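Coordinate inspection notes
Next come the chains, spelled out residue by residue.
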Amino acid sequence: MKRASLKKYPAGKTYYVKVWHEGLKKHYEINTRQAQKRKADVFLDKFLGDYKEWSKQKLEESNPTYLHNAVQAFLKHKRGDGQTSKGTIEGYELALNDLIECCPNPKMDVNGLGTLVKVGTVLYEYKRKLDNTLTLSTVNIRLRSVKAFLHWLYDQDQIKKIPKITITTTPPRDKLYPKEFEGLMKYVDDPIVTSWIRFARFTGYRLREIPKVHLGENGYYQAIGKRGKKREINLSDELVDLLHKIQATNYKPARISKSFQLAYRKYVLSQNSDYLPDGYSIDEIQLIGRDKINRQIAKLYIDRYCLQHGLDKGDLTEGQKRTAMTQGKTFHCLRHLYCTEVQIATGDYQKTKSIMAHSSVIITERYTHLDTIESTKAISEQMMKAQA
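Residues numbered from 1 in each chain as written. Predicted model: local features only at pLDDT ≥ 70, side-chain atom pairs only at ≥ 80, totals over all residues. Heavy atoms only, no water.

**Things to note about the overall build of the protein chain**
If you tally the helices and strands in the protein chain, you get 16 helices and 6 strands. Its C-alpha atoms give the protein chain a radius of gyration of 29 Å, more than 25% over the compact-globule value 21 Å for 388 residues. Overall size of the protein chain, expressed as C-alpha extent along the three principal axes, is 100 × 55 × 50 Å. Evaluated residue by residue, the protein chain yields a buried proportion of 39% over its 388 residues. For the protein chain, the proportion of contacts with a sequence separation of at least 24, taken over those separated by at least 6, is 55%. As presented, the protein chain carries roughly 23300 Å² of accessible surface, and 51% of it is formed by carbon and sulfur atoms. The positive charge centre, built from 66 side chains, and the negative charge centre, built from 44, are 7 Å apart in the protein chain. (Helix = DSSP H or I, 4+ residues; strand = E, 2+ residues; numbered from the N terminus. Rg over C-alpha atoms; globule rule 2.2 N^0.38 Å. Buried < 20%, exposed > 50% of the residue type's maximum accessible area, 1.4 Å probe, protein only. Contact = heavy atoms within 4.5 Å. Areas by Shrake-Rupley, 256 points an atom, 1.4 Å probe, with all protein chains shown as cover. Lys, Arg positive; Asp, Glu negative; His and termini not counted. Charge placed at Lys NZ, Arg CZ, Asp CG, Glu CD.)

**Considering helix α8 (residues 191-201)**
Most of α8 is tucked away: 8 of the 11 residues are buried. Residues of α8 that are buried: I192, V193, S195, W196, I197, F199, A200 and R201. With a side-chain oxygen positioned 2.9 Å from the backbone nitrogen of I192, the residue opening α8 is D190. (Polar contact = N/O pair within 3.5 Å; in protein donor to acceptor, adjacent residues only side chain to side chain.)

**Some details on the sheet that holds strand β6 (residues 230-233)**
Read across the sheet, 3 strands follow the order β4-β5-β6 without closing on themselves; strand pairing throughout is antiparallel. Of all strands in the sheet, those bounded by a partner on one side alone are β4 (214-215) and β6. The pairing of β4 with strand β5 (residues 221-224) spans 2 bridges and is antiparallel. Bridge pairing in β5 places L215 opposite Y221. (Pairing = 2+ DSSP bridges.)

**Structural notes on the environment of F199**
Counting through the fold element by element, F199 comes out in helix α8. Here the alpha-carbon distance between F199 and I210, two residues 11 residues apart in the chain, equals 8.3 Å. Other than its neighbours up to four places away in sequence, F199 contacts G204, Y205, I210, V213, L235, L239, L242, L243 and I246.

**What to know about the pattern of salt bridges**
Tallied over the full model, the rule gives 16 salt bridges. A salt bridge links K129 to E101; its shortest N-O distance comes to 3.2 Å. Remark: E101 occurs in helix α4 (residues 86-101) and K129 occurs in helix α5 (residues 122-133); sequence separation between them is 28 residues. The exposure class of K129 is partly exposed, given its relative accessible area of 31%. (Salt bridge = Lys/Arg side-chain N within 4 Å of Asp/Glu carboxyl O.)

**So, the sheet that holds strand β1 (residues 4-8)**
Strand order in this open sheet of 3 strands is β1-β2-β3, and the pairing throughout is antiparallel. Every interior strand has two partners, whereas the edge strands, β1 and β3 (26-31), have only one. Across the sheet, the mean angle from the axis of one strand to that of its neighbour is 30°, orientation sign disregarded. Two strands pair when backbone bridges link them, and strand β2 (residues 15-21) and β3 are joined in this way by 6 bridges, in the antiparallel orientation. (Axes fitted to C-alpha atoms, helices over the stretch in contact; angles between N-to-C directions.)

**Details of the packing of aromatic side chains**
Per the stated rule, a full pass over the model turns up 11 aromatic pairs. Centre to centre, the rings of F47 and Y51 are 6.3 Å apart; their planes meet at 80°, and the pair counts as edge-to-face. The exposure class assigned to F47 is buried, which follows from its relative accessible area of 9%. The exposure class of Y51 is buried, given its relative accessible area of 10%. Summarising the aromatic geometry, the rings of F199 and Y205 are spaced 6.2 Å apart at their centres and angled 5° between planes, so their arrangement reads as stacked. In this structure, F199 and Y205 share a single accessibility class: buried. Every member of this aromatic cluster is reached through a ring pair, and the members are Y28, F47, Y51 and W54. We note R201 situated over the ring of F181; from NZ or CZ to the ring centre the distance is 5.2 Å. Directly above the aromatic system of Y251 lies the positively charged group of R255, at a separation of 3.8 Å from the ring centroid. (Phe/Tyr/Trp six-rings, centres within 6.5 Å; stacked < 30°, edge-to-face > 60°. Lys NZ or Arg CZ within 6 Å of the ring centre and 35° of its normal.)

This is the structure in structure tokens:
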């Protein structure tokens, strides 16, 4: 059989077997680890005797419906499609590597993953693992990644039916009230951090986009955002001044993010004085160290979470504790606040989508948190007036 032959590595002393796999239409190199031609020939003879078994094994290992192979093919497709961002691909990798870890058999067929509700199946165990270790929002992100993977498999005719993946609706935590914004700003003591926050508040640029904002040839300021999408905005003189102050320093986005979160947590403590550390008053919040602030906020968030869900602190899973800690607000909430106010000003989701450079109106709707609660007072007064 001429499908295999003995070769010698150019830069080495050992021999290898070069073999052609007819089914996979590709060559393989198998190191004999032998420097003597006679011993390498013995290795080749033995390999040829086992060729059929080797060929069958390679064919099985390359089965596109094996979970590991399917995951690798999906990730390769996403890396090369030119549309999926690096961050999204990293999210796919995290989600699908966790899925593989929940698979008891390395040769598990993707048609045997089961469902989220059938006890003992891979998808059930995967969901249970996520629920016990991650926040609800992170669980949803991982499940969306798995859902995208399963839809791709279906499009490739590798699975017959897409298992139902239910995404639990989470209450919006990105909503930042103007009152909260004004409150947290009292606890920002760095003028450069203040510039970052105010610039994001009144432009809607993402944290990592701000250092890249520049004046375009058309006279408008612009930055390249997600998926290479350009967003242009006409800045006022005050905002231009803030941008110059920001870009004249070397503050990293991570520093700004942490400063924002700390200021928000101080504001929250000012509204919940029972959780202040012993010996401190509301007027002394600025004097409290970061670690003490974080410890007191953790107590507050966990107590609030237990009260809302009727749970005991001692019974909380690691995932529930992490979910409790997501009650805080992040720098990205400023973009949501800006988007909400743009929608109020335009009254048109298509215009708001264009201003925000969102990929779809669905995203714009998710970003806008129109305050229906605030309007209930006026509605009630109007109804009572009509009854008078």
